[in-house]
Amino acid sequence: AVDKQARQDGDATFETRRLLRKVGFDLIPQYFWTGRGFGLASTDYSWQWDPSTITTHVNQGRFFNGFIGLMVNTGVFGTVFMLLFLASGTFLAWDVLKHLRGHGCDDYFTRMCAVLGGLWIANTIAFLFLHGDSEYAMKTFSLQAGLLLACRVRLKARLATAAAG
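Everything numeric in this text was worked out from a predicted model, so none of it was measured. (Residues numbered from 1 in each chain as written. Predicted model: local features only at pLDDT ≥ 70, side-chain atom pairs only at ≥ 80, totals over all residues. Heavy atoms only, no water.)

Asks: Explain the overall build of the protein to me, please; I cannot follow it from the model alone.
Replies: For the protein, the helix and strand inventory stands at 6 helices and 0 strands. Here the C-alpha radius of gyration of the protein, 20 Å, is well above what a compact globule of 165 residues would show, namely 15 Å. On the principal axes, the C-alpha backbone points of the protein span a range of 70 × 50 × 25 Å. In the protein, the proportion of contacts linking residues at least 24 apart, taken out of those at least 6 apart, comes to 75%. Approximately 10200 Å² of the protein is accessible, and the part contributed by carbon and sulfur atoms is 65%. Side-chain charges of the protein comprise 16 positive and 12 negative groups, with the mean position of each set lying 9 Å from the other. (Helix = DSSP H or I, 4+ residues; strand = E, 2+ residues; numbered from the N terminus. Rg over C-alpha atoms; globule rule 2.2 N^0.38 Å. Contact = heavy atoms within 4.5 Å. Areas by Shrake-Rupley, 256 points an atom, 1.4 Å probe, with all protein chains shown as cover. Lys, Arg positive; Asp, Glu negative; His and termini not counted. Charge placed at Lys NZ, Arg CZ, Asp CG, Glu CD.)

Shown next, in the form of structure tokens:
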């Protein structure tokens, strides 16, 4: 049995996400080519008069869906290139995890590589389907991508050293 208050909270969350998805889809044609950019105006006091927080989420560019958030905030070109970046990073993370699956995780570095690979994949899924805050994603994925590249280069170098020696 689910508590009545928990059910109401879940229903309200689901309804808010549904409304934000609808509002986001309605905004996409207006910002299709260039996007509207990031950030919230410091004069936004919508949270004081909108108890549903829909207006605040829309003003902040959070639609709880990665594709919609990217389309509204960055336009079609930003969306395409960010999705390409996420796909490339996911391929890189998968390659690192595949390497570790075949060669094992014997030390702290390889374990860290495994954590980074899994974290990238988990964050990508969470971004696309759960939180969708494109500004936050652009700030956080860059460091993870750099670390994954460093992990891959170092793992390949270790493999080459082991094969040569």
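Asks: Honestly, the packing of aromatic side chains in this entry has me stumped. Any pointers?
Replies: Think of a pair of aromatic rings as described by two things: how far the centres are apart, and how the planes are tilted against each other in angle. This model, assessed by the stated rule, comprises 5 aromatic pairs. Ring centres of phenylalanine 32 and tryptophan 33 lie 4.9 Å apart, and the angle between their planes is 90 degrees; on these two criteria the pair is classed as edge-to-face. Classification of phenylalanine 32 by relative accessible area gives partly exposed; the value is 29%. Take tryptophan 33: its relative accessible area is 57%, and that puts it in the exposed class. (Phe/Tyr/Trp six-rings, centres within 6.5 Å; stacked < 30°, edge-to-face > 60°. Buried < 20%, exposed > 50% of the residue type's maximum accessible area, 1.4 Å probe, protein only.)

Asks: Honestly, helix H5 (residues 108–131) in this entry has me stumped. Any pointers?
Replies: Two residues of an α-helix separated by three or four positions point the same way, owing to the 3.6 residues in each turn. Turning to H5, its buried residues are Thr110, Cys113, Leu116, Gly117, Trp120, Thr124 and Phe127. On its buried face, H5 sits against helix H4 (66–103) and helix H6 (134–164). Positive phi shows up at glycine 132, right after H5, with a value of about 65 degrees.

Asks: I keep staring at the side chain of threonine 74 and nothing clicks. Help me out?
Replies: With respect to the helices and strands, the residue threonine 74 is situated in helix H4. Given a relative accessible area of 13%, threonine 74 falls into the buried group. In terms of polar contacts, threonine 74 uses its side chain to reach the backbone carbonyl oxygen of leucine 70, at 2.6 Å. Engagement of the side chain of threonine 74 in a polar contact is seen with the backbone nitrogen of threonine 79, the distance being 3.2 Å. (Polar contact = N/O pair within 3.5 Å; in protein donor to acceptor, adjacent residues only side chain to side chain.)

Asks: Honestly, unusual backbone geometry in this entry has me stumped. Any pointers?
Replies: Trans peptide bonds make up the majority, and among non-glycine residues the majority have a negative phi. Phi angles above zero are rare outside glycine, and phenylalanine 64 is one such case at about 55 degrees. Relative to the assigned elements, phenylalanine 64 resides in the loop between helix H3 (54–60) and H4.

Asks: Mind showing me how you'd approach the layout of surface pockets here?
Replies: Sizing a probe to match a water molecule and rolling it over the atoms shows the empty space that remains. In this structure, the largest pocket encloses a volume near 150 Å³. Residue lining of the largest pocket: His99, Leu100, His103, Gly104, Asp106, Asp107, Thr110, Leu155, Arg158, Leu159 and Ala162, and that is the complete set. Those elements giving two or more residues to the lining of the largest pocket turn out to be H4 and H6. Residues that form the lining of the largest pocket fall into these classes: 4 nonpolar, 4 polar and 3 charged. (1 Å grid on protein atoms, 1.4 Å probe; cavity = no way out; pocket = protein on both sides within 12 Å on 5 of 7 lines; lining within 4 Å. Points joined across faces, edges and corners; volume = space filled by probe spheres on them. Nonpolar A, V, L, I, M, F, W, Y, C, P; charged D, E, K, R; others polar.)

Asks: I tried to follow the packing of H4 against H5 on my own but got confused; where do I start?
Replies: Helix-helix packing is described using two parameters, namely the angle between the two axes and the distance between the axes. The contact between H4 and H5 brings their axes to 9 Å, and the two run at 150 degrees. With respect to H5, the axis of H4 lies roughly antiparallel. Like other packed secondary-structure pairs, H4 and H5 cross with a definite hand, here left-handed. Residues Gly66, Leu70, Leu83, Phe85, Leu86, Gly89, Thr90, Ala93, Trp94, Val96, Leu97 and Leu100 of H4 lie in contact with H5, whose contacting residues are Thr110, Cys113, Ala114, Gly117, Gly118, Trp120, Ile121, Thr124, Phe127 and Leu128. Residue composition of the contact of H4 with H5, grouped by class: 15 nonpolar, 7 polar and no charged. (Axes fitted to C-alpha atoms, helices over the stretch in contact; angles between N-to-C directions. Parallel < 35°, antiparallel > 145°, perpendicular 65-115°, else oblique. Left-handed = near helix turned anticlockwise from the far one by under 90°.)

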